[in-house]
Amino acid sequence: MTAPHLEVRGLTKRYGHRTVLDDVSCSVPAGTLVGLLGPNGSGKTTLLRVLLGLERATRGEALVNGRPLARVADPARHVGALLDCTWFHPRRTGRDHLRWMSEAAGVRRTRVDEVLELTGLADHGRDPVGSYSLGMRQRLGIAGALLGDPDVLVFDEPFNGLDHAATRWLAELVAERVAAGGIVVMSSHQLAELDPLVDRLLVLGRGRRLFDGPVADVVAGLTSEVLVHPLTPERDHDAIRRAAETAGLLARPDADGTWTFPGATVETVSTTLADAAVPVRHIEQRGAGLSDAYERLVQGQSLPGTPVRTGGGTR
Amino acid sequence: MTGLLRAELTKARSTPLLVWTVGLALLLPPLLAALLGGAMGSRESYCARNSCDNVLAPPDATVATIGVLGDGIPGGALTVLTAFAAALLLVELRYNTLSTAFLVTSRRTRVAVAKVVLLVAVAVPVVFVATMASGVVFDRVAGPAAARVSPFSAASFDVAARTTSVVVAFALMAFGIAALTRHIWVTAAVVVAWPNFLEPLLPMVLPGGDDVAAYLPFANARHFVGIEGGPVTWSPLVSGAYVALLAVVLLVAGVARLSRVDLPRSP
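Residues numbered from 1 in each chain as written. Chains lettered and ligands numbered in written order. Predicted model: local features only at pLDDT ≥ 70, side-chain atom pairs only at ≥ 80, totals over all residues.

It is worth spelling out the overall build of chain B at this point. Tallying secondary structure elements over chain B gives 10 helices and 0 strands in all. Listing each helix as α and each strand as β along chain B from the N terminus yields α-α-α-α-α-α-α-α-α-α. Against the compact-globule benchmark of 18 Å for 267 residues, chain B has a radius of gyration of 20 Å, which places it among compact chains. When its C-alpha atoms are laid out on the principal axes, chain B stretches across 70 × 45 × 30 Å. Within chain B, buried positions represent 48% of all 267 residues. Taking contacts inside chain B between residues at least 6 apart in sequence as the whole, the part at least 24 apart equals 78%. (Helix = DSSP H or I, 4+ residues; strand = E, 2+ residues; numbered from the N terminus. Rg over C-alpha atoms; globule rule 2.2 N^0.38 Å. Buried ≥ 20, exposed ≤ 12 C-beta atoms within 10 Å, placed from the backbone. Contact = placed C-beta atoms within 7 Å.)

Leu-81, Val-167, Ala-171 and Phe-175 of chain B are the most contacted members of the largest nonpolar core, which totals 161 residues. Top contributing element to this core by residue count: helix 6 (residues 154–181) of chain B, with 16 residues. If we ignore the near neighbours within four places in the chain, the residues touching Leu-81 of chain B are Thr-21, Ala-25, Ala-123, Val-127, Val-167 and Ala-171 of chain B. Counting 11 residues, the second-largest nonpolar core is a separate cluster that includes Ala-243, Ala-244, Trp-259 and Val-278 of chain A. (Core = buried A, V, L, I, M, F, W, Y, C linked by C-beta atoms within 7 Å.)

On to the sheet that holds strand 2 (residues 18–28) of chain A, then. All names here are of chain A. Pairing is antiparallel across the open sheet formed by 3 strands, whose spatial order is 2-1-4. Looking at which strands have only one partner, the edges of the open sheet turn out to be strand 2 and strand 4 (59–64). This sheet shows a mean twist of 20 degrees between the axes of neighbouring strands, independent of strand direction. Direction of pairing for strand 1 (residues 6–15) relative to strand 4: antiparallel, over a ladder of 5 bridges. Directly across from Val-8, in strand 4, lies its bridge partner Ala-62. (Pairing = 2+ DSSP bridges. Axes fitted to C-alpha atoms, helices over the stretch in contact; angles between N-to-C directions.)

Consecutive residues of a regular strand have side chains that alternate between opposite faces of the sheet. Residues and elements named next belong to chain A. Only one face of strand 12 (residues 259–262) is buried: it carries Trp-259 and Phe-261, and the other face, with Thr-260 and Pro-262, is open. With 4 bridges joining them, strand 10 (residues 225–230) and strand 12 adopt antiparallel strand pairing. Bridge assignment links Glu-225 to a residue of strand 12, and that residue is Pro-262. Looking at chain direction, strand 11 (residues 252–253) and strand 12 are connected through 2 bridges and run antiparallel. Bridge pairing in strand 12 links Arg-252 to Thr-260. Connecting strand 11 to the antiparallel partner strand 12 that follows it, the hairpin turn spans 5 residues, and Gly-257 within it adopts a positive phi of roughly 95 degrees.

Glancing now at the environment of Asp-212 of chain A. In this fold, Asp-212 of chain A is placed in strand 9 (residues 208–214). Not counting residues up to four positions away in its chain, the partners in contact with Asp-212 of chain A are Cys-26 and Leu-202 of chain A.

Counting from both sides, the interface comprises 22 residues of chain B and, opposite them, 28 residues of chain A. Secondary-structure elements contributing two or more residues to the side of chain B that touches chain A are helix 1 (2–13) and helix 4 (97–104) of chain B. Of the residues forming the side of chain B that touches chain A, the biggest block, 7 residues, is contributed by helix 4 of chain B. When the residues that make up the side of chain B that touches chain A are grouped by side-chain class, the tally is 9 nonpolar, 10 polar and 3 charged. (Nonpolar A, V, L, I, M, F, W, Y, C, P; charged D, E, K, R; others polar.)

Despite not being glycine, Glu-157 of chain A has its phi angle at roughly 50 degrees, a positive value. As for its position among the elements, Glu-157 of chain A is in the loop between strand 6 (152–156) and helix 5 (164–179). For Asn-96 of chain B, which is not glycine, the phi torsion reads 60 degrees and is therefore positive. Given 23 C-beta atoms within 10 Å, Asn-96 of chain B falls into the buried group.

Turning to the packing of helix 2 (residues 94–105) of chain A against helix 4 (residues 134–146) of chain A, a few remarks are in order. All names here are of chain A. Where helix 2 meets helix 4, the axes come as close as 10 Å, and the angle between the chain directions of the two elements is 25 degrees. Here helix 4 runs roughly parallel to helix 2, going by the angle between their axes. Crossing of helix 2 against helix 4: the hand is right-handed. For the pair helix 2 and helix 4, the contacting residues are Gly-94, His-97, Leu-98 and Met-101 in the first and Leu-140, Ala-143 and Gly-144 in the second. Grouping the constituent residues of the contact of helix 2 with helix 4 by class yields 4 nonpolar, 3 polar and no charged. (Parallel < 35°, antiparallel > 145°, perpendicular 65-115°, else oblique. Left-handed = near helix turned anticlockwise from the far one by under 90°.)

Turning to the sheet that holds strand 9 of chain A, a few remarks are in order. All names here are of chain A. Here 6 strands make up an open sheet; going across it, the order is 5-6-7-3-8-9 and the pairing mixed. Taken across any chain shown, the strands that pair with only one partner, and hence form the sheet edges, are strand 5 (79–82) and strand 9. Across this sheet, the average inter-strand angle for adjacent strands is 15 degrees, counted without regard to direction. Summarising the sheet, strand 6 and strand 7 (residues 183–187) pair through 5 bridges and their orientation is parallel. Within the sheet, the bridge partner assigned to Leu-153 lies in strand 7 and is Val-184. Across the sheet, helix 10 (residues 290–298) is in contact with strand 3 (32–37), strand 8 (200–205) and strand 9; its angle to strand 8 comes to roughly 30 degrees.

According to the domain assignment, chain A contains domain 1 (6–214) and domain 2 (225–286). Placing the centre of domain 1 of chain A and that of domain 2 of chain A at their C-alpha centroids yields a distance of 45 Å. (Domains from an automatic or database assignment.)

Before going further, it helps to examine helix 2 of chain A. Think of an α-helix as 3.6 residues a turn; residues three or four steps apart then line up on the same face. Look at helix 2 of chain A: 17 Å from first C-alpha to last across 12 residues, which is about the 16 Å you get at 1.5 Å a residue. Buried residues dominate helix 2 of chain A, accounting for 12 of its 12 residues. Of all the residues in helix 2 of chain A, the buried ones are Gly-94, Arg-95, Asp-96, His-97, Leu-98, Arg-99, Trp-100, Met-101, Ser-102, Glu-103, Ala-104 and Ala-105 of chain A. Those residues of helix 2 of chain A hidden inside the fold are in contact with helix 3 (110–118) and helix 4 of chain A together with helix 1 and helix 4 of chain B. Remark: Gly-106 of chain A follows helix 2 of chain A within two positions and exhibits a positive phi of approximately 75 degrees. (Expected span 1.5 Å × (residues − 1).)

Okay, structure coming up:
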């Protein structure tokens, strides 16, 4: 069996005169967990729907293992997808939902019980989906995606409604898949959940690719900052401001009395404040994370040292 | 294809739609036949005692179709099965079940064909049994008014077979219309309004009404079954072929749209 591979080439999707995806290209090798990010209306879901063969591209192509999924006879064995946790008939039981999916996909029936067990729904398989909580529906959607035991998983907002334990379970699941050489594409607005998982980002904005590359490339280009909690914030407010000015440091007071020193190091800040005799309760270096990188990307700011190209061609 | 057929059966069995469809399609026609038979039997008995001026001729075997096809406007089984045909598709659009199906199989035409096979497999036995049961009920209830009705004669079997094929044809038309419009209210408007209002009215409001009526689907369907009264000039077999042709055209157009035009994201 060859290693899985996703490839999007010059993908453009228009609805009438409205361009939803504009010449988007990317390539995802095996063993990668891709975070697909972008503001609402940036084209994330459209990209996933075209990739999954639910919609036809106006121009370009999306390939799974070298072929458009719409031309693959057994797509469930190649790609498993959770696009929306409302895609269930409320009167149908979870087990029956998975059963018809397995029959249509040509997957052995015993797999239904396996994925119910895997997603923690074995005790609720005979309940109608209408009685499921949001988190249980998410897990049922994930169970459906796992039916064909595919190499590629595509999840759109998979963390919605999941409790802490289920979130951790999903994180472990996708990490295992990626470690085994699979590909996972996750679109989510919950960056805190994605941050420790993804090793590659594809960021869209207004249908165009804003960034495609390793997360490390984005974060490395961002400066970190130092956060200071003074012991007596009100009394030392002016002293901190003067000390920062004298040392040539940028300093920003926050509403809760803390101070942020962008681009500084703990050593510099602590020395400066010690020289000014400002007592400090706590001081910490805060590194830039996925959230910081994402915010800057979607604001159209280019990041030094990263392959960001905003506007124009996206190849 | 076998897997898709099993999947359609699992889907149909796992919601109340199939049970309601079969139950209503089997119960309504005999009920209507019983009501009609009771009324005709009472009139026959009254006239036997009071020598009525306008004696009605007893009905033939086509009386069994009254609860199935209706008389001028659709009867119970036809309405229920056309609604079932449309619901097979529209309920799946409503809950994105069709999109899920397209995620696990790329053969969209086969998904549609599997639904059509299920529809025919349900409609044929149900309509045939409902028609035969209607004949039996009428025979039992109508008394002397059922003089020309012999439920298990060759004529009754012929009427039941033709009635079944007509209902299946209209169910396929409804499926095709649902696939073309993909909208519950538009489909309901066509499926309900056409036979109930438009077809009876069109010959009256359009110039050359009888000429128009000769091409109307329900008029031809009734002619094919043997129910007299319409202005159709073709032979019954040509009328049947005409209805079948309409069904095939709508069905093929609907399946083609389903296979080639992307599903709406938020139905």
